[in-house]
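Per-entry structural report
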Amino acid sequence: VGVVVVVDAETVRVRAADRYVGDTVRRQLADADLLVAAKGDLAGPVGVAAVTAWLADAAPGAPVIAADHGRAPADLVLGPRPGGTGVGVGGAPGPHARFDTGVRRFDGPVDLAVLAGELTAPGSPVVRAKGVLTDLDGVRKVLQTVGRRSAITSCAAAPEPPPAGGELVWIAPRADG
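These numbers come from a predicted model, not from an experiment. (Residues numbered from 1 in each chain as written. Predicted model: local features only at pLDDT ≥ 70, side-chain atom pairs only at ≥ 80, totals over all residues. Heavy atoms only, no water.)

Overview of the nonpolar core
Core analysis: the largest hydrophobic core is formed by 14 residues, its most contacted members being Val5, Val7, Val12, Leu29, Leu35 and Leu55. Those elements that place two or more of their residues in this core are strand S1 (4-8), helix H1 (12-17), helix H2 (22-31), strand S2 (34-38) and helix H3 (40-58). Setting aside residues no more than four positions away along its own chain, Val12 makes contact with Val7, Val25, Leu29, Val51 and Trp54. If you look at the next biggest cluster of nonpolar residues, it comprises 11 residues, including Val110, Leu112, Val126 and Ala129. (Core = buried A, V, L, I, M, F, W, Y, C linked by side-chain atoms within 4.5 Å. Buried < 20%, exposed > 50% of the residue type's maximum accessible area, 1.4 Å probe, protein only. Helix = DSSP H or I, 4+ residues; strand = E, 2+ residues; numbered from the N terminus. Contact = heavy atoms within 4.5 Å.)

Listed below in structure tokens is the structure:
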């Protein structure tokens, strides 16, 4: 559904300026719907803040998630699971503790194109969403978003949605995290 680009928080700026690979790196960043700044633990808080600010210019509109020790929430790439809690194994804070997840239920048909636009608009805090919903034409469809990209597809084999419109599971960075 979307393009997730993993960057080395310590070296991405140097690589983007390299005369041999810089244009490729810059194109990848520009095409990203979600950026994962890996090696945040090695770059440190100041380095992560600096690369995040730089990435905002290099890839406008693409959310940036910092990954420490090679850990990034799998839900961001693979899709959210209903009932996510933002905690790690056994209820202890883990890599997911930096994210909020939730489920939005709909009482009736939804204009999926409009909803997709809202979820992927600049300034939307949602970085990943997925759901089985009833579109305005009365047909059940799957809506998936990653960063600025969305897809609406048929779901003939998908399980029945909850009564009426369906539900959407979302992931967003925690406001306090």
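What follows picks up the thread again.
What to know about H2
All of the buried residues in H2 are Gly22, Val25 and Leu29. When H2 is viewed along its axis, its buried side chains cluster within an angular range of 65 degrees and face the same direction. Contacts from the buried residues of H2 go to S1, H1, S2 and H3. (Arc of directions from axis to C-beta.)

Here's the deal with the sheet that holds strand S3 (residues 64-66)
Reading across from one edge, S1-S2-S3 is the order of the 3 strands in this open sheet, with parallel pairing throughout. Each having just a single partner strand, S1 and S3 make up the two edges of the open sheet. Averaged over all pairs of adjacent strands, the angle between strand axes in this sheet comes to 25 degrees, irrespective of strand direction. (Pairing = 2+ DSSP bridges. Axes fitted to C-alpha atoms, helices over the stretch in contact; angles between N-to-C directions.)

Structural notes on the sheet that holds strand S8 (residues 166-173)
Overall, antiparallel pairing links the 5 strands, which are arranged S4-S8-S5-S6-S7 in an open sheet. Of all the strands in the sheet, just strand S4 (99-106) and strand S7 (149-154) have a single pairing partner and so form its edges. Each strand axis lies, on average, 15 degrees off the axis of its neighbour in the sheet, ignoring direction. Here strand S5 (residues 128-134) pairs with strand S6 (residues 140-146) via 7 bridges, running antiparallel. In the sheet register, Thr134 faces S6, and the bridge partner there is Arg140.

Describing the pairing of S7
Looking at chain direction, S6 and S7 are connected through 6 bridges and run antiparallel. The residue bridging Val146 from the neighbouring strand is Arg149, located in S7. The antiparallel hairpin formed by S6 and S7 contains 2 residues in its connecting segment, where Gly147 sits at a positive phi of about 55 degrees.

Thoughts on the confidence of the model for the chain
Looking at the chain as a whole, its pLDDT mean stands at 80, while 79% of the residues score no less than 70. Of all the helices and strands in the chain, helix H4 (residues 74-78) carries the lowest mean pLDDT, 63, while helix H5 (residues 112-120) carries the highest, 95. (pLDDT = per-residue confidence, 0-100.)

Some details on the environment of Arg104
Position of Arg104 relative to the elements: it lies in strand S4. Separated by 63 residues in the primary sequence, Arg104 and Glu167 place their C-alpha atoms 5.5 Å from one another. Excluding anything up to four places from it in sequence, Arg104 contacts Leu115, Gly166, Glu167, Leu168 and Trp170.

Some details on the pairing of S8
Counting buried positions along S8 gives 6 out of 8 residues, so the element sits mostly inside the fold. In the sheet, S4 pairs with S8 via 8 bridges, with the strands oriented antiparallel. Bridging across to S8, Phe99 finds its partner in Pro173. Sheet topology note: the S5/S8 ladder contains 6 bridges and is antiparallel. Each residue of the ladder has a partner; that of Leu133, found in S8, is Gly166.

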